[in-house]
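Results of the structural survey
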Amino acid sequence: MSDPRYDDKTTGPEGPEAPLHRRGIKSYVLRAGRMTQAQIRGLEEVWPRLGLTLADGRQDLEALFGRRAPVVLEIGFGMGASLVEQAERHPDTDFIGIEVHAPGVGKLLDEADKRGLTNLRVYREDALAVLEQCLPEASLDTLQLFFPDPWPKKKHHKRRIVQPAFVELVRSRLKPGGTLHMATDWEAYAGWMAEVMQAAPGFANTAGAETAPYVPRPEFRPLTKFEARGEKLGHGVWDLIFRRAD
Ligand SMILES: C[S@@+](CC[C@H](N)C(=O)[O-])C[C@H]1O[C@@H](n2cnc3c(N)ncnc32)[C@H](O)[C@@H]1O
């Protein structure tokens, strides 16, 4: 069955000027799916320790992690393998993941527990609500958005998470000098991201003149499930890293 997030049969170019109807429009589709025992264990047994909800309200991140450390937020971590890998590789950095897909949240929690990670917390919520309601201004060192749903059809472009209002919200949650790192294997979405970012006030592109607006694939970004899937399909990959400049 075709999936509108990837089905680009009627795609056509559209600029980033399309308005963001943030209220009521979702950048995701909730899919039903069977859960493995490990995923259920993650959601039931590990969630009370590492899970966060909108009802927890605005966070004090130093109090949450019990220390002052750089904070990385990842939106849409999928099954979470790359986020777990990063948290394990960087014990001196704190990580927050947001994902709406329950099996992915369960899998991430199960893995985080098995590896004894203490520097990772998870929301199973819409990332826009978490950004607005739970994360303080100027609190993040990095925000990662890896392989977001491309929504290729023109009529679905309004469901793309990267929109002018979204990046304005992201900017407010980044510390000055903090970075927004996006990656996609959809060339048209990469161009859209670049246009949105170049028009967004208060950001500077970190790309050098040779590769701008993109940066070479950074070695520190672990291969994600969707990147591997795109590679098999022969897709290219585009990384964009913009710094909050003010
Ligand atoms: C194409 S998948 C990529 C997953 C992962 N980053 C990877 O590269 O393997 C995009 C993910 O973003 C999640 N997502 C989309 N919009 C979201 C939102 N507003 N809040 C939280 N998660 C979202 C979807 O549920 C989906 O799992």
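All values derive from a computational prediction rather than experimental measurement. In every chain, residue numbers begin from 1 and rise along the written sequence. Under the rules for a predicted model, residues below a pLDDT of 70 receive no local features and side-chain atom pairs below 80 are neither given nor counted, while totals for whole chains, interfaces and linings still include all residues. Only hydrogens and water are set aside when side-chain values are computed; all heavy atoms of the structure are taken into account.

1. Structural notes on the overall build of the protein chain
Strands are runs of DSSP state E lasting at least two residues, helices are runs of H or I lasting at least four, and both sets are numbered from the N terminus onward. Within the protein chain, the regular secondary structure consists of eight helices and eight strands. Whereas a compact globule of 246 residues would reach a radius of gyration of roughly 18 Å, the protein chain reaches 17 Å, a difference of no more than 12%. By principal-axis analysis of the C-alpha atoms, the protein chain measures approximately 45 × 45 × 35 Å. The buried label goes to any residue with under 20% of its type's maximum accessible area, the exposed label to any with over 50%, and the partly exposed label to all in between, with areas taken from a 1.4 Å probe on protein chains only. Residues classed as buried in the protein chain amount to 53% of the 246 residues present. Summarising the internal contacts of the protein chain: among those between residues at least 6 apart in sequence, 81% fall at separations of at least 24. Calculation of accessible area relied on Shrake-Rupley with a 1.4 Å probe; when residues are assessed, cover is drawn exclusively from the protein chains displayed. Surface accessibility of the protein chain: about 11,800 Å² in total, with carbon and sulfur atoms responsible for 52%. For the charge count, each Lys or Arg is scored as positive and each Asp or Glu as negative, with His and the chain ends excluded. Every charge is mapped onto a representative atom, which is NZ of Lys, CZ of Arg, CG of Asp or CD of Glu. Between the centroid of the 34 positive side chains of the protein chain and the centroid of its 35 negative side chains there is a distance of 4 Å. Radius of gyration: over C-alpha atoms. The globule rule applied is 2.2 Å multiplied by the number of residues raised to the 0.38 power. The contact definition used throughout considers only heavy atoms, calling two residues in contact when any of these lie within 4.5 Å.

2. Some words on the site of the ligand
Near the ligand you find 19 residues, and of these Ser27, Gly76, Glu99, Phe146 and Thr224 are the closest. Pairs of N or O atoms within 3.5 Å make up the polar contacts considered here, provided that, within protein, one atom can donate a hydrogen while the other can accept it, and that residues adjacent in sequence are counted only when both atoms are side-chain atoms. Backbone polar atom of glycine 76 to a nitrogen atom of the ligand: 2.8 Å apart, as the coordinates give it. Taking alanine 127, its main chain carries an N or O atom lying 2.9 Å from a nitrogen atom of the ligand. When the free accessible area of the ligand is taken as 600 Å², the share hidden by the protein chains comes to 96%. Assessed atom by atom at 2 Å from the grid points, the ligand resides in the largest pocket. Among the residues making up the shell around the ligand, the classes are represented as nine nonpolar, four polar and six charged. Residues are classed as near a molecule or strand on a simple rule: at least one heavy atom within 4 Å of it. Throughout, the protein atoms alone are placed on a 1 Å grid, and a set of points is a cavity if a 1.4 Å probe fits but cannot get out or a pocket if it is open with protein on both sides within 12 Å along at least five of seven lines; lining residues have an atom within 4 Å of a point. Each molecule is checked against the cavity or pocket grid, and it sits inside if more than half of its atoms lie within 2 Å of the grid points. Amino acids outside the nonpolar list (Ala, Val, Leu, Ile, Met, Phe, Trp, Tyr, Cys, Pro) and the charged list (Asp, Glu, Lys, Arg) are all regarded as polar, and Gly is one of them.

3. Topic: the UniProt feature "binding site: substrate" (unreviewed entry) in the protein chain
UniProt positions are given in the numbering used here, feature names are shortened, and annotations may be inferred rather than shown by experiment. The UniProt record marks Lys153, Asp185, Thr224, Lys225, Phe226 and Glu227 with the feature "binding site: substrate" (unreviewed entry), using the residue numbering of this structure. Taken along the chain, the residues just named run across 75 residues; in space they spread out, the farthest C-alpha pair reaching 23.9 Å. When only the residues just named are considered, the largest pocket is lined by Thr224, Lys225 and Phe226. Inspection of the secondary structure assignment puts lysine 153 in the loop between β5 (140-146) and α6 (164-173).

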